[in-house]
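Descriptive structure summary
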Amino acid sequence: MRFRVQALLLFLAMFLFQAVVHAQINLPKVFGNDMVLQRELKIPVWGNSAPGVLINAELGNVKATTKADQEGKWLVHFPKFKAGGPYTLKIYEKGKPGEGIELGGILIGDVWLASGQSNMEWQVQQAKDASTEIANANLPQMRFLVVDHSTHIKPQPDILTSGWKICDTTNVKEFSAVAYFFARKIHLDQNVPVGIIQSSWGGTPIEAWTSREMLLTSPITRESTLSMDTLTLDPEDLVADSLNWISIWEIVYNPQNNADKIFTAADYDDSGWAEIDMPNVLGDFGIGNYEGMVWLRKKISLPESFAGKDLTINLGHPEMTYSLYFNGKEICKNVWYSNSTHSYTIPASLVQPGENTTAVRIAMLWGGGGLNPPAGDLYIADGDSRISLAGKWLYKKDLETTFPKMLNYQYFPTVLFNSMINPLIPYGIKGFLWYQGESNAEAAYNYRELFPMLIADWRQRWQQGNLPFLFVQLANYGERKPLPSDSEWAELREAQTLTLSQSNTGMACAIDIGEAGNIHPVNKQEVGRRLALIANKLVYGQDCVASGPLYKSFKTEGNRIRISFTHTASGFSTKDGKEVTGYTIAGSDKQFHWAKAVIEGNEVVVYSDKVAEPVAVRYAWADNPECNLINSEGLPAMPFRTDDWIGITQK
């Protein structure tokens, strides 16, 4: 999560000096030094000046002229450029070349807009093998523009950002991991500069990213969108929200009122604290959708053999920012998943035979927080033997300063479109990348309509034709169920698959690379690679297999159902080399049972002794399905169902 201080200062500067800025030539912040402009497209450049001023624009040796309108707005188009650079862009009033704007280090290549919620926002430094990836990230022809978080009721002319950044070992850490791994493959495969405009915000619904005009066209969103007309959001509200965020992160990162001295002490009386079996996450604590700091404590009995040794303590898979203490001393402070592992050394000087005390201070935010399973990854060890830390812990909330109440405008319809998408239009781009849906899972059926609406909305507003729209299907996540059951996430994935009926779209399936205990799976390399495969085939015309098997049709053969697919490549196999898993089958009673599945050529035959007259089959229909069907290129079969029975999110 990026700190908001810079964004707040930028907003105040924009607000206080807007009148002054509009009196002279200026460019919106989507333009800057080291940017990438879209190749083989008439390049739009726009800005503000005094009304009626003649504007000269130069990109390299190419010149263009336009005139500002009565409001001081102007727009110029340069002719198509081939990939290359660097170039310099100059913008100035006619006859005043020395008083204008000059931007350097500009490359011409392919620009992709990457948007969505936290899995798109997830940074390279939080991905798998982060240290190695960062060390190898000197790719000067890749550039990122990260749009800062901002919320507005009305469409805005400009964004908040610190500007375009060249991809190197310093800057890459905070780039979107999915977008970075996508861009790297495209850059190397196509041998062109690549620019990424990253505009994303964790935990946000699709309605926030869609324009008011589009949302008003649907009965699903019309009422909630009209309610925005009575909502007042002035600069004081935005400043208050920004200041509250600063306060929240101050609390998250720094224990309040000597809490780290009091609640970590071995002799602290925790007899009034509640019990919780660990590992567990917020949803299992019984405290509702709590946001604040929670303290965890556990007494550990260590054998004599552990005394005088440095020990290793492993917290497995914590969720959210936390600090770890042992016998009253801080062992680590982990800031927002920044560590690739959660294993730490307890110095021998702190270890005592018999009873020891460990404490964890952890943030609960956005419905998350706690220690994720498996229990086997929660332990303390001396190198030869280990003692489990799973089981009974004590916990208590509200021991410190409570979080200030937030308005959370980022969840409201249209606000992120207004402030983080609208100001980017009509910057020349190659296409869109999208990773979002977790926040819409509870109303997954509506996503069938809302997602195509957003795609149409953005394409219409860019006016660059039928721009490619590539997206990631939700990865597997959560506890595995012993029996077939309904699933909101499965229904959201189905809505995403149905969106492939929209022209010039592509979906990267991630059903095999998620994590049961982590809604932000770290293998972003494969997500980016799969998106790039789709781009190579759909956008760049490369002859490659870009998708896993996609359900096509079925037919009943006695007590069996035969499934046909597209995108089978050279045939089927299983990822683990074992028999096919993930299929369920049902008769007319609509009761699903685990099924056997046999590969026959490019088809799969499904059956169960419990279903004599089958009518429906489902595959990978769960939050976190155990499924293993892949094609010859190792790409997973996409979840599907053959029935159209009413789901749990269909109202």
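That block above? That's the structure.
These notes cover the structure that comes with them. Bear in mind that the values here come from a model prediction, so they are computed numbers and not experimental data. (Residues numbered from 1 in each chain as written. Predicted model: local features only at pLDDT ≥ 70, side-chain atom pairs only at ≥ 80, totals over all residues. Heavy atoms only, no water.)

1. Structural notes on the overall build of the protein
The helix and strand tally for the protein stands at 12 helices and 36 strands. Over its C-alpha atoms the protein spans a radius of gyration of 27 Å, differing by no more than 12% from the 26 Å that the globule rule assigns to 651 residues. Its C-alpha atoms put the protein at 85 × 70 × 50 Å along the principal axes. Put simply, the protein has 651 residues, and 56% of those count as buried. Across the protein, every contact between residues at least 6 apart in sequence was considered, and the portion connecting residues at least 24 apart equals 77%. Here the protein has roughly 26900 Å² of accessible surface; of this, 48% comes from carbon and sulfur atoms. Each charge class in the protein can be summarised by its mean position, and for the 58 positive and 70 negative side chains these summaries are 5 Å apart. (Helix = DSSP H or I, 4+ residues; strand = E, 2+ residues; numbered from the N terminus. Rg over C-alpha atoms; globule rule 2.2 N^0.38 Å. Buried < 20%, exposed > 50% of the residue type's maximum accessible area, 1.4 Å probe, protein only. Contact = heavy atoms within 4.5 Å. Areas by Shrake-Rupley, 256 points an atom, 1.4 Å probe, with all protein chains shown as cover. Lys, Arg positive; Asp, Glu negative; His and termini not counted. Charge placed at Lys NZ, Arg CZ, Asp CG, Glu CD.)

2. Quick notes on the nonpolar core
Counting 93 residues, the largest nonpolar core has Y427 and Y583 as the members making the most contacts within it. The leading source of residues in this core is helix α10 (residues 444–462), at 9 residues. With near-sequence residues (within four places) excluded, Y427 lies in contact with V30, F31, M35, V36, L37, P44, W46, V111, W164, I197, W462 and Q464. V124, A127, V146 and F182 belong to the second-largest nonpolar core, a separate cluster that totals 44 residues. (Core = buried A, V, L, I, M, F, W, Y, C linked by side-chain atoms within 4.5 Å.)

3. Focus: the packing of helix α4 (residues 177–190) against helix α12 (residues 524–538)
Contact geometry of α4 with α12 gives a least axis separation of 7 Å together with a crossing angle of 45°. With respect to their mutual orientation, α4 and α12 come out oblique. As α4 packs across α12, the resulting crossing turns out to be right-handed. Each of A177, V178, F181, F182, K185, I186, D189 and Q190 in α4 lies in contact with α12, whose residues at this interface are K524, Q525, V527, G528, R529, L531, A532, L533, A535 and N536. (Axes fitted to C-alpha atoms, helices over the stretch in contact; angles between N-to-C directions. Parallel < 35°, antiparallel > 145°, perpendicular 65-115°, else oblique. Left-handed = near helix turned anticlockwise from the far one by under 90°.)

4. A few points about the sheet that holds strand β16 (residues 322–326)
Strand-to-strand pairing in sheets goes through backbone hydrogen bonds, with the strands running parallel or antiparallel. Taken together, the 6 strands give an open sheet; going across it, the order is β11-β23-β13-β19-β16-β17, and neighbouring strands pair in antiparallel fashion. Every other strand in the sheet has two partners, leaving β11 (274–278) and β17 (329–334) as the edge strands with one partner each. In this sheet, adjacent strand axes meet at a mean angle of 25° when their direction is disregarded. One ladder, built from 5 bridges, connects β11 with strand β23 (residues 391–397); its direction is antiparallel. Bridge assignment links A274 to a residue of β23, and that residue is Y395. (Pairing = 2+ DSSP bridges.)

5. Points about α4
Spanning 14 residues, α4 covers 20 Å between terminal C-alpha atoms, matching the ideal 20 Å at 1.5 Å per step. Buried within α4 we find A177, V178, A179, Y180, F181, F182, A183, I186 and H187. In this structure S176 caps α4, since a side-chain oxygen of it lies 3.1 Å from the backbone nitrogen of A179. Where α4 ends, the next residue or the one after it, N191, has phi of about 55°, a positive value. (Expected span 1.5 Å × (residues − 1). Polar contact = N/O pair within 3.5 Å; in protein donor to acceptor, adjacent residues only side chain to side chain.)

6. Observations concerning the pairing of strand β5 (residues 73–78)
Burial along β5 is one-sided: W74, V76 and F78 are buried, and none of K73, L75 and H77, which face the opposite way, are. Two strands pair when backbone bridges link them, and strand β2 (residues 43–48) and β5 are joined in this way by 6 bridges, in the antiparallel orientation. Its bridge partner lying in β5, V45 is registered against V76.

7. Section: the sheet that holds strand β34 (residues 616–619)
One open sheet accounts for 4 strands, arranged β31-β30-β34-β36; its pairing is antiparallel. Where the open sheet ends on each side, the last strands, each with one partner, are β31 (592–594) and β36 (640–641). Relative to β36, β34 runs antiparallel, the two being bridged by 2 bridges. Opposite R618, over in β36, you have R641 as the bridge partner.

8. With respect to helix α11 (residues 488–498)
Residues spaced three or four apart along an α-helix face the same direction, because each turn holds 3.6 residues. Burial runs high along α11: 9 of the 11 residues are buried. Residues of α11 that are buried sit in contact with α10, β25 (469–472), β26 (505–508), β27 (550–557) and β36. The distance from a side-chain oxygen at the start of α11 to the backbone nitrogen of W489 is 3.3 Å, and the residue carrying that oxygen is S487.

9. Concerning the packing of aromatic side chains
This model, assessed by the stated rule, comprises 34 aromatic pairs. Taking 5.1 Å as the distance between ring centres and 65° as the angle between the ring planes, the aromatic pair formed by Y180 and F181 counts as edge-to-face. Take Y180 and F181: they sit in the same class, and that class is buried. Relative to F451, the ring of Y447 lies with its centre 5.3 Å away and its plane at 35°, an arrangement referred to as tilted. Here the residue Y447 and the residue F451 both occupy positions in helix α10, the gap between them amounting to 4 residues, near one helical turn. For F451, a relative accessible area of 0% puts it in the buried group. An aromatic cluster is built from W209, F432, W434, Y447, F451, W458, W462, F469 and F471, whose rings are joined through pairwise contacts. Directly above the ring of Y379 sits R386, whose terminal nitrogen or CZ lies 3.7 Å from the centroid. Over the face of the ring belonging to Y607 we find R560, whose NZ or CZ atom lies 4.0 Å from the ring centre. (Phe/Tyr/Trp six-rings, centres within 6.5 Å; stacked < 30°, edge-to-face > 60°. Lys NZ or Arg CZ within 6 Å of the ring centre and 35° of its normal.)

10. Some thoughts on the side chain of T649
In this fold, T649 is placed in the segment after β36. At 3.0 Å, the side chain of T649 and the backbone nitrogen of Y445 are in polar contact. Discounting chain neighbours no more than four positions away, the residues touching T649 are A441, E442, A443, A444, Y445, E488 and E491.

11. Quick look at the pattern of salt bridges
Scanning the model with the defined rule gives 30 salt bridges in all. Note that R212 and D229 form a salt bridge whose closest N and O atoms lie 2.7 Å from each other. One end of the pair, R212, is in helix α5 (residues 212–215); the other, D229, is in the loop between α6 (222–226) and α7 (235–253), with 17 residues separating them in the sequence. Note on D229: relative accessible area 43%, which makes it partly exposed. In this structure, K392 engages E275 in a salt bridge whose closest nitrogen and oxygen atoms are separated by 3.1 Å. Of this pair, K392 sits in strand β23 while E275 is found in strand β11, placing the two residues 117 residues apart along the sequence. For K392, a relative accessible area of 48% puts it in the partly exposed group. Note on E275: relative accessible area 53%, which makes it exposed. Look at the salt bridges and you will find they share partners, linking R448, D486, E494, R618, R641 and D643 into a network. (Salt bridge = Lys/Arg side-chain N within 4 Å of Asp/Glu carboxyl O.)

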